[in-house]
Amino acid sequence: MICRFQFYKFYSSGRASFLFLLSLFLSCNSGNNSKDQTAIYSSDPQILSVGQQLFENNCSSCHNFSQRSIGPSLQNATTDLPAEWLRKFIQNAPEMITSGDSRASMLFKEYKQVMPPFPSLNARQVDAILAFIHKNQKLVIHQETRSSFIKDPIPTPIPLTGGQLHLQYQSTAPATATKAPLARINKMQSLKGKHERLFVVDLEGILYEIEDKEWKVAMDIRKLRSDFVSSPGLGTGFGSFAFHPEFHKNGLLYTTHAEKVHSVPGDLGYADSMKVRLQWVLTEWKIRDPSVTPFISKGRELLRIDMPTISHGVQEITFNPLARKGQEDYGLLYIGVGDGGTGEKGYYKLCNSNKSVLSSVLRIDPLGQNSANGRYGIPPRNPFANEKDPLVVKEIFCRGFRNPNRISWTPDGKMLICDIGQSNIEEINLGTAGADYGWPEREGTFLVNPRGDISKVFALPGNEPPKKYTYPILQYDHDEGRAISGGFVYDGSAIPNLKGKYVFADITNGRFFLTENHQLKQGELAPIKELEIWIDDELTTFQKINGTAKPDARLGVGPRGELYVFTKANGKLYKVVGFNLL
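## Looking at helix H7 (residues 123–136)
It helps to recall that an α-helix has 3.6 residues per turn; residues three or four apart then point in one direction.
Step number 1: Taking 1.5 Å per residue, 14 residues should reach 20 Å; H7 reaches 20 Å between its end C-alpha atoms and fits that length.
Step number 2: Inspection of H7 places Val126, Ala128, Ile129, Leu130, Ala131, Phe132, Ile133 and His134 among the buried residues, and these make up the whole buried set.

## Some points on the packing of aromatic side chains
Geometrically, a pair of aromatic rings is defined through the distance of the ring centres and the angle of the planes.
Step number 1: For the coordinates displayed, the defined rule picks out 17 aromatic pairs.
Step number 2: Geometrically, the ring pair formed by Tyr476 and Phe504 is stacked, given 6.5 Å between the ring centres and 25 degrees between the ring planes. In this pair, Tyr476 is assigned in strand S22 (residues 474–477) and Phe504 in strand S24 (residues 501–506), connecting sequence segments 28 residues apart. Take Tyr476 and Phe504: they sit in the same class, and that class is buried.
Step number 3: Measuring from centroid to centroid gives 5.6 Å for Phe542 and Tyr574, while their planes differ by 70 degrees, and the two rings are edge-to-face. Of this pair, Phe542 sits in helix H10 (residues 542–546) while Tyr574 sits in strand S30 (residues 572–580); the two residues are 32 residues apart in sequence, bridging distant segments of the chain. Of the two residues, Phe542 and Tyr574, neither departs from the other in class, the shared state being buried.

## Details of empty space enclosed by the protein
Step number 1: All told, the structure shown has three cavities of 30 Å³ or more when counted by the stated rule.
Step number 2: Of the volumes computed, that of the second largest cavity is approximately 50 Å³.
Step number 3: Lining the second largest cavity, in full, are Gly400, Arg402, Asp419, Ile420, Gly421, Ile425, Glu427, Tyr437, Trp439, Arg442, Glu443 and Gly444.
Step number 4: At the level of secondary structure, the elements contributing two or more residues to the lining of the second largest cavity comprise strand S18 (425–430) and strand S19 (442–443).
Step number 5: Tallied by class, residues from the lining of the second largest cavity come to four nonpolar, three polar and five charged.

## Brief notes about the side chain of Asn570
Step number 1: Along the chain, Asn570 falls in the loop between strand S29 (563–567) and S30.
Step number 2: Setting aside residues up to four positions removed in sequence, Asn570 forms contacts with Thr172, Leu182, Ile545 and Asn546.

## Examining unusual backbone geometry
Step number 1: Here Ala180 and Pro181 are connected by a cis peptide whose omega angle stands at 0 degrees.
Step number 2: Checked against the element boundaries, Pro181 lands in the loop between strand S3 (163–172) and strand S4 (185–191).
Step number 3: The amide bond that connects Thr293 to the next residue, Pro294, takes the cis arrangement and shows omega of 0 degrees.
Step number 4: Position of Pro294 among the secondary structure elements: in the loop between strand S10 (278–287) and strand S11 (297–307).

## Considering the nonpolar core
Step number 1: Of all hydrophobic cores here, the largest spans 33 residues; its most connected members are Leu282, Ile305, Leu333 and Ile335.
Step number 2: Of all the elements, S11 adds the most residues to this core, at four residues.
Step number 3: Once residues within four sequence positions are removed from consideration, Leu333 is found in contact with Ala242, Tyr254, Leu282, Ile317, Thr318, Phe319, Leu362, Arg363, Ile364 and Pro366.
Step number 4: Leu81, Trp85, Phe89 and Leu121 belong to the second largest nonpolar core, which has 23 residues in total.

## A word on the pairing of S3
Step number 1: When you tally the buried positions in S3, you get seven out of 10 residues, the bulk of the element.
Step number 2: Note that S3 and strand S26 (residues 529–535) share five bridges and pair parallel. Looking across to S26, one finds that Gln164 is bridged to Glu532.
Step number 3: Summarising the sheet, S3 and S30 pair through eight bridges and their orientation is antiparallel.

## Considering the pattern of salt bridges
Step number 1: The tally for this structure, following the rule as stated, stands at 31 salt bridges.
Step number 2: Glu84 serves as the salt-bridge partner of Arg87, at 3.1 Å between the closest nitrogen and oxygen. Taken as a pair, Arg87 and Glu84 lie in helix H4 (residues 83–91) at a separation of three residues, close to a single helical turn.
Step number 3: For Glu84, a relative accessible area of 43% puts it in the partly exposed group.
Step number 4: Salt-bridge contacts for Lys325 lead to Glu246; the nearest nitrogen and oxygen are separated by 3.3 Å. On the criterion of sequence distance, the pair formed by Lys325 in the loop between strand S12 (316–319) and strand S13 (333–337) and Glu246 in the loop between strand S8 (238–243) and helix H9 (247–250) is long-range, its members being 79 residues apart.
Step number 5: Looking at Lys325, the relative accessible area reads 63%, which means it is exposed.

## Structural notes on the sheet that holds S4
Step number 1: On the basis of which strands lie adjacent, the open sheet formed by four strands has the order S4-S5-S6-S7 and antiparallel pairing. The open sheet has two edge strands, S4 and strand S7 (214–220), and neither has a second partner. Strand-to-strand twist of the sheet, defined as the mean angle between neighbouring strand axes without regard to direction, takes the value 30 degrees.

## A few points about the sheet that holds S10
Step number 1: A sheet is described by the order of its strands in space; here four strands give the open sequence S8-S9-S10-S11, paired in antiparallel fashion. The sheet terminates laterally at S8 and S11, the two strands that pair on one side only. Here the average twist between neighbouring strands, direction ignored, is 20 degrees.
Step number 2: By the bridge criterion, five bridges tie S8 to strand S9 (residues 252–259) in an arrangement that is antiparallel. Residue pairing for S9: Ser240 is matched across the bridge by Thr256.

## Some thoughts on the confidence of the model for the protein chain
Step number 1: Per-chain confidence: the protein chain averages 87 in pLDDT, with 86% of residues scoring 70 or above.
Step number 2: Residue range residues 1–36 is modelled with pLDDT below 50. Its contacts to residues more than four positions away, or to other chains, number 114 contacts.
Step number 3: Under a pLDDT of 50 for its full length, residues 138–145 has, in the predicted model, 16 contacts with residues more than four places off or in other chains.

Cut-offs used in this document
- Residues numbered from 1 in each chain as written.
- Predicted model: local features only at pLDDT ≥ 70, side-chain atom pairs only at ≥ 80, totals over all residues.
- Heavy atoms only, no water.
- Helix = DSSP H or I, 4+ residues; strand = E, 2+ residues; numbered from the N terminus.
- Expected span 1.5 Å × (residues − 1).
- Buried < 20%, exposed > 50% of the residue type's maximum accessible area, 1.4 Å probe, protein only.
- Phe/Tyr/Trp six-rings, centres within 6.5 Å; stacked < 30°, edge-to-face > 60°.
- 1 Å grid on protein atoms, 1.4 Å probe; cavity = no way out; pocket = protein on both sides within 12 Å on 5 of 7 lines; lining within 4 Å.
- Points joined across faces, edges and corners; volume = space filled by probe spheres on them.
- Nonpolar A, V, L, I, M, F, W, Y, C, P; charged D, E, K, R; others polar.
- Contact = heavy atoms within 4.5 Å.
- Core = buried A, V, L, I, M, F, W, Y, C linked by side-chain atoms within 4.5 Å.
- Pairing = 2+ DSSP bridges.
- Salt bridge = Lys/Arg side-chain N within 4 Å of Asp/Glu carboxyl O.
- Axes fitted to C-alpha atoms, helices over the stretch in contact; angles between N-to-C directions.
- pLDDT = per-residue confidence, 0-100.

Here it is in structure tokens:
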């Protein structure tokens, strides 16, 4: 019998990634054991119901039964892989790698990372999941009708010529888990004032103020909102925070967090049969004394958004830090809303319309009142503010994103929107009012067929109408990394030779990259160079530091415009202290 192993590129996505094992599909030229495998899995309706619930909570954001998603399709997983191997790998992948299991070892060698063990899943639960997968998989793999898909979208590798980025360890966040990620620290913001203050949020529900390297709790949203959800990881939890430009006067802080779905309807959502599985809530908090932590506050719900899955939710809210009083953008809040997984699940129309909140960046006036619910305002210069159609989402500023998880501004006023891709391209877009960035018809500068296999990309059509879509100003493919974390243009004073350079990273492998701010232009793709990482005068990588765990590297801007780096895997915070050209 001759067998071959097929590997699919995939990145581990937090606690819900235990089906990472299915990135390995075994196909044999003879001896197909599908009949034997079919007899193994239960068809009992109660067991299948349990399996479905476990699958939806832990797997559906990464996998489906028709095409590759964040992880591979499950079309013939249980017929091609031995059931006992699947069971063991789900429950303890690291142990199988250590034991020398050939499949597990080859998988680790390919991806340089491994999912954590799942001792909380008992044997019956694992079997229920596998039974549900077996019932729903398609035994005949769908073949893309187009044969001209591009196997390697960007064949030229990113050169390691960006220079040396020197970091210095600062402190470690309090652990909110016993295994990686030890601290789901997700966003940093400096609060300007007479004495600049530094804040970092953990998705598990805590906003910290860092003072003299001590992490002090400024807000614990778990104690303030009983329906708060941070499990099973992924896009759930305390997503983002933003201080109002006049925070020192009005004490207004804005947050987003995920909640269980009860009887409260969403203010914005989607018109479809897809069940609402999660709601993201935007809250305005009135802080009694802005100078003192922990904050004593009173919350006012502004907006509730319906989401069809736990992934690609509302991970970003931010004010334009460059806007000054009297300017159009001053005091307006931007909100990044992902596609909720609809693009990869066949509901592409929901993320391809201005009548759905999904796949968009919203802009609202949190102090206004002309929204449908009367709790916030719709800026009059929003692109769809004057639309007569009542179904149009007037809050939309621009749209066409899969997961716009970070938004920043360059010192010269460019709005940068970081969009995590599907199976091929990671990208940075120049934010423009009314623009359509193409998802799910486009991924980067490539065509996608959302009606077929969305994991494949094709060359752009030659007859595309001008300005139909707005394309990225920077992109890389999944040979280099699988989830862009975004970054910032350095505008501090401590490192003069880093001035004007855009530094960003990849979440999954912790690689850091650089390009010049002046090369970030619409209509052009900026060149990318990789940076060497030096921590406390030692050349290293975040993959090396964190071993098999996904580094989940992020950047933030601290006091006086200095850059910081932090990683969820170990919860450590570093300050960028130097930069040398190679």
